[in-house]
Amino acid sequence: MEDSLPKPVPPRVGLIYDDRMCEHTDPDSDYHPETPNRIRVIWKKLQSAGILQSMKAKEAEDKHIALVHKKKHIDLIRNVSEKVAKGELDSAVAIVRPPGHHAEPNEAMGFCLFNNVAIAASYLLNERPELGIHKILIMDWDVHHGNGTQKMFYDDPRVLFFSVHRHENGCFYPSGGDGSYTMIGEGLGSGYNINVPWEHARCGDADYFAVWEHVLVPAAKAFNPDMIIISGGFDAAIGDPLGGCCITPYGYAVMMEKLMEFAQGRVMMALEGGYNLDSLAKSVLACVQTLLKDKYAVASCKAYPFESTWRVIQAVRKELSRFWPTLSGELPRNLFVTTKKAPVVELISSSDSDAENDEFAYAGSEAQCSVNSIEVVEDVIASLSTLTVDEDNHNQTVCSSASWRSIFSKVDVWYASFGSNMWKPRFLCYIEGGQAPCSGSMDKNPPKEIMWKIVPHRFFIGRSKTRTWGAGGVAFLHPESDDNSESYMCLYKITLEQFNDVLVQENRLRPVEAINPLFDLSDLESVTKNKSLNSKELKDGWYSNVVCLGTERELPILTMTCSILYIELFKSGKLPLNAPSKEYKDVLVKGLVEGKQLPEEEAVAYINDGFTRPL
């Protein structure tokens with residue numbers, strides 16, 4: 001009898017990958033987070049899991065790109081290869097690069113050239129009516145707000161755009177108010193733009209599960225989409241150097257599974273961000289396995305949502321309730337339970353076959369996901385998944401990481417800034433996380449004290465461009481003192497742990513949550529005696545030289561600048577002194593003016609002297 005029953009048809013999942021997309025690189029940078037290896041590691045991970053077949057990528061025609069981009073923008077980057085998936089199978093995954101969700105109608109932004117997801121949505125809605133796709137849910141779970149996609153459909157009721165992202169009151173990239181929960185669409189599109197803006201980093205599985213349960217799922221049911229397109233950014237994944245959040249591969253699998261309940265499972269995902277290669281590959285694999293209805297990890301989410309998560313969810317629901325009655329009303333009070341400390345997230349490998357050879361970079365990230373004074377909701381997590389626990393051999397590594405941090409958190413130093421960090425809001429990005437490339441310190445506490453000091457060292461501005469500020473020079477301090485020079489320094493009283501994390505971010509050569517400190521207690525003793533210390537691990541960084549500028553109230557004053565070797569290159573002209581970009585110069589001036597050190601005119605003259613007077 002059983003032999004006569006029809007066998008279930010396996011899901012048809014299209015995979016789009018093309019080696020030609022690896023040809024897009026930054027020729028002027030030895031390191032750039034948007035690297036060809038991002039898609040290579042994904043493809044390798046899928047192949048190792050037995051997922052071998054892919055569809056040939058087809059080049060997008062200008063007429064399709066013009067659906068959402070202006071002709072001027074198309075002409076500007078006409079020769080750049082770009083791939084678009086059409087979603088004609090049950091589901092599809094486009095392993096494409098560069099990403100696209102920041103690209104606006106008339107300009108490229110944030111690694112993005114063309115908006116892949118917006119092109120696909122417009123193509124299906126406007127060019128292929130015979131497919132019967134009249135309503136599309138675009139789910140953007142990239143850690144950065146999808147500003148470009150939002151603008152392209154802001155007044156279009158056929159598209160429900162849903163973005164959950166770090167926002168931090170507009171301080172996190174792409175900055176500004178576009179990612180606020182108050183941006184709900186306009187005209188006929190009012191209510192069809194939903195932003196869930198995190199107030200800080202470290203949000204993980206539990207926070208995203210809560211959003212799915214209390215915002216996304218109810219709104220999606222009411223919207224009833226014909227198709228779902230995911231802006232699949234994986235820079236909110238645990239261990240990502242730019243995102244600073246904590247979603248596990250299992251978390252992505254759960255979120256994908258919930259989305260598959262809509263639109264008859266017609267889901268297309270296009271890759272956006274994601275810069276921890278190991279985490280990226282594992283997370284995409286978890287999503288593909290979910291689409292294929294394969295078995296994925298049995299994991300444990302012991303963490304609970306932040307207090308701020310509930311605050312954001314309530315604000316979003318209140319703002320959208322007049323458009324979506326299903327979101328009206330306060331959340332039940334019995335959901336909230338206050339605890340003193342959040343448990344950490346723990347995850348086992350994504351399959352039995354991976355258990356012995358998958359070494360996932362969780363060290364330090366668990367500590368990053370632990371915070372004090374949060375509100376929890378067990379019912380939400382239980383409603384989405386039932387999870388088990390397995391403690392792996394990474395616990396020893398975490399303890400090793402946590403031990404130095406525990407010690408260094410009790411040691412105070414003065415960090416002295418002469419550059420953009422003179423402006424307090426900019427420096428706080430390095431502590432709290434914020435504008436790229438600042439992932440923040442593991443300890444988010446603000447400086448205990450701020451003061452200013454003038455030191456006998458030469459301030460100057462050099463190099464031709466930076467990834468953060470574009471064309472133009474950035475600030476350096478001559479590591480050796482000179483009685484004829486005076487430089488303004490803003491001093492922040494922080495811990496030695498925080499100083500280590502700032503040092504890492506300024507040099508960008510490894511993730512903040514690495515196991516060992518860059519600058520330990522013996523280094524601190526050495527630099528107070530010898531005045532400077534070059535980090536061997538950061539020998540290629542621009543600010544690898546830690547310099548002691550003396551003491552203030554018996555605490556060492558530490559800054560970071562270039563080595564004497566680079567000073568000689570600046571003197572010889574091999575490295576140029578150079579005017580800063582307008583944006584960078586404005587921040588330097590703000591620091592000096594708001595710090596009440598110089599009036600604006602004198603501050604501008606001080607900055608100008610930094611690149612016009614030879615060393």
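Residues numbered from 1 in each chain as written. Predicted model: local features only at pLDDT ≥ 70, side-chain atom pairs only at ≥ 80, totals over all residues. Heavy atoms only, no water.

The chain carries the name Histone deacetylase domain-containing protein in an unreviewed UniProt entry, which gives Papaver somniferum as its organism.

> I'd like a description of the overall build of the chain, backed by residues and values.
Tallying secondary structure elements over the chain gives 18 helices and 19 strands in all. Considering the chain as a whole, with its 615 residues, one finds that 59% of them fall into the buried category. Accessible surface for the chain amounts to roughly 25,900 Å². Of this, 49% is attributable to carbon and sulfur atoms. (Helix = DSSP H or I, 4+ residues; strand = E, 2+ residues; numbered from the N terminus. Buried < 20%, exposed > 50% of the residue type's maximum accessible area, 1.4 Å probe, protein only. Areas by Shrake-Rupley, 256 points an atom, 1.4 Å probe, with all protein chains shown as cover.)

> Quick rundown of the side chain of Arg463? Include the residues and the values.
Tracing the backbone through its elements, the reader meets Arg463 in the loop between β12 (459-462) and β13 (465-466). Classification of Arg463 as buried rests on a relative accessible area of 12%.

> Explain the sheet that holds strand β17 (residues 532-534) to me, using residue names and the numbers behind them.
With mixed pairing, the six strands of this open sheet are ordered in space as β11-β16-β10-β19-β18-β17. Edge positions in the sheet fall to β11 (449-455) and β17, since each of these pairs with one other strand and no more. Neighbour to neighbour, the strand axes of the sheet diverge by 30° on average, direction disregarded. Across the face of the sheet, helix α14 (residues 496-507) comes into contact with β10 (412-417), β16 (487-495), β18 (545-552) and β19 (555-561) while running at roughly 125° to β16. (Pairing = 2+ DSSP bridges. Axes fitted to C-alpha atoms, helices over the stretch in contact; angles between N-to-C directions. Contact = heavy atoms within 4.5 Å.)

> Tell me about the nonpolar core, and name the residues and values.
Counting 65 residues, the largest nonpolar core has Phe499, Phe519, Leu558 and Leu592 as its most contacted members. A total of six residues in this core trace back to one element, the largest contributor, which is β16. The residues contacting Phe519, other than those within four sequence positions of it, are Phe408, Leu496, Phe499, Asn500, Leu503, Leu524, Val527, Leu533, Val546 and Leu558. Counting residues in hydrophobic clusters, the runner-up holds 57 residues, among them Met139, Cys203, Val215 and Trp310. (Core = buried A, V, L, I, M, F, W, Y, C linked by side-chain atoms within 4.5 Å.)

> Residues and numbers for the environment of Arg322, please.
Structurally, Arg322 is set in the loop between α9 (307-320) and β8 (337-341). Once the C-alpha coordinates of Arg322 and Gly191 are considered, the two residues, 131 residues apart in sequence, prove to be 8.2 Å apart.

> Summarise the pairing of strand β4 (residues 159-166); cite the residues concerned and give the values.
Counting buried residues in β4 gives eight out of eight residues, a clear majority hidden from the surface. In the sheet, strand β3 (residues 136-140) pairs with β4 via five bridges, with the strands oriented parallel. Paired with Leu137 across the two strands is Leu160, which belongs to β4. Crossover handedness for the path β3 to helix α5 (residues 147-152) to β4: right-handed. Bridging between β4 and strand β5 (residues 193-198) involves six bridges; their strand directions are parallel. (Right-handed = clockwise from strand over helix to strand, strands pointing away.)

> Would you mind going over helix α13 (residues 424-432) in detail, with residue names and values included?
Here α13 has its buried residues at Arg426, Phe427, Leu428, Cys429, Tyr430 and Ile431. Note on α13: the residue one or two positions beyond its end, Gly433, has a positive phi of about 85°.

> Which residues make up the environment of Trp542, and what values go with them?
For Trp542, the location among the structural elements is in the loop between β17 and β18. Put simply, Trp542 and Cys562 are 20 residues apart on the chain and 5.6 Å apart in space, counted from C-alpha to C-alpha. Other than its neighbours up to four places away in sequence, Trp542 contacts Arg463, Lys465, Thr466, Val474, Phe476, Asn507, Thr561 and Cys562.

> Requested: an account of helix α4 (residues 116-127), with residues and values cited.
The first and last C-alpha atoms of α4 sit 16 Å apart over twelve residues, in line with the 16 Å expected at 1.5 Å per residue. Residues of α4 that are buried include every one of Asn116, Val117, Ala118, Ile119, Ala120, Ala121, Ser122, Tyr123, Leu124 and Leu125, and no others. (Expected span 1.5 Å × (residues − 1).)

> Lay out the pattern of salt bridges with the relevant residues and their values.
Counted according to the given criterion, the structure contains 16 salt bridges. Asp178 is the partner of Lys151 in a salt bridge, and the nearest nitrogen-oxygen pair spans 3.7 Å. Taken together, the residues Lys151 in helix α5 and Asp178 in the loop between β4 and β5 connect sequence positions 27 residues apart. Its salt-bridge partner being Arg553, residue Glu552 comes within 3.9 Å of it at the nearest N-O pair. (Salt bridge = Lys/Arg side-chain N within 4 Å of Asp/Glu carboxyl O.)

> Could you give an account of the packing of helix α17 (residues 582-594) against helix α18 (residues 600-612), naming the residues involved and the relevant values?
At a closest axis distance of 9 Å, the pairing of α17 and α18 adopts a crossing angle of 130°. On the basis of the axis angle, α17 is oblique to α18. For the pair α17 and α18, the sense of crossing is right-handed. Contacts between α17 and α18 involve Lys585, Leu588, Val589, Leu592 and Val593 from the former and Glu600, Ala603, Val604, Tyr606, Ile607 and Asn608 from the latter. (Parallel < 35°, antiparallel > 145°, perpendicular 65-115°, else oblique. Left-handed = near helix turned anticlockwise from the far one by under 90°.)

> Please give an account of unusual backbone geometry that cites residues and values.
Phi is positive for Glu168, which is not a glycine, with a value near 55°. Counting through the fold element by element, Glu168 comes out in the loop between β4 and β5. For Glu168, a relative accessible area of 8% puts it in the buried group. With a phi angle near 55°, Arg553 is a residue other than glycine that sits in the positive phi range. The topology assignment puts Arg553 in the loop between β18 and β19.

> Hey, could you go over the packing of aromatic side chains for me, with residue numbers and the actual values?
Counted according to the given criterion, the structure contains 22 aromatic pairs. Here the aromatic rings of Phe460 and Phe570 are separated by 5.0 Å at their centres, their planes lie at 75°, and the arrangement is edge-to-face. Residue Phe460 is found in strand β12, and its partner Phe570 is found in helix α16 (residues 564-572); the two are separated by 110 residues along the sequence. The class of Phe570 is buried, set by a relative accessible area of 5%. Grouping aromatic residues by their ring pairs yields a cluster made of Tyr415, Phe427, Tyr492, Phe499 and Phe519. Of note, Lys135 hangs over the ring of Phe223, and the distance from its end group to the ring centre comes to 5.3 Å. (Phe/Tyr/Trp six-rings, centres within 6.5 Å; stacked < 30°, edge-to-face > 60°. Lys NZ or Arg CZ within 6 Å of the ring centre and 35° of its normal.)

> Kindly report on the packing of helix α6 (residues 205-223) against helix α7 (residues 249-259), identifying the contributing residues and their values.
The interhelical angle for the contact between α6 and α7, taken along N-to-C directions, is 10°, at an axis separation of 10 Å. It follows from the interaxial angle that α6 and α7 lie roughly parallel. Taken as a pair, α6 and α7 cross one another with a handedness that is right-handed. Contact residues: α6 offers Asp205, Tyr208, Phe209, Trp212 and Leu216, while α7 offers Gly251, Val254, Met255, Lys258 and Leu259.

> Explain the side chain of His145 to me, using residue names and the numbers behind them.
Here His145 shows up in the loop between β3 and α5. On the basis of relative accessibility, which here comes to 2%, the residue His145 falls in the buried class. For His145, the side chain forms a polar contact with the side chain of Gln150, separated by 2.9 Å. (Polar contact = N/O pair within 3.5 Å; in protein donor to acceptor, adjacent residues only side chain to side chain.)

> Mind laying out the confidence of the model for the chain, listing which residues take part and the relevant values?
Confidence in the prediction for the chain averages 76 pLDDT; 67% of positions are at 70 or higher. Predicted confidence for residues 26-32 stays below pLDDT 50, and this span has seven contacts to residues more than four positions away or in other chains. The low-confidence segment residues 337-401, where pLDDT is below 50, has 139 contacts with residues more than four positions distant or belonging to other chains. (pLDDT = per-residue confidence, 0-100.)

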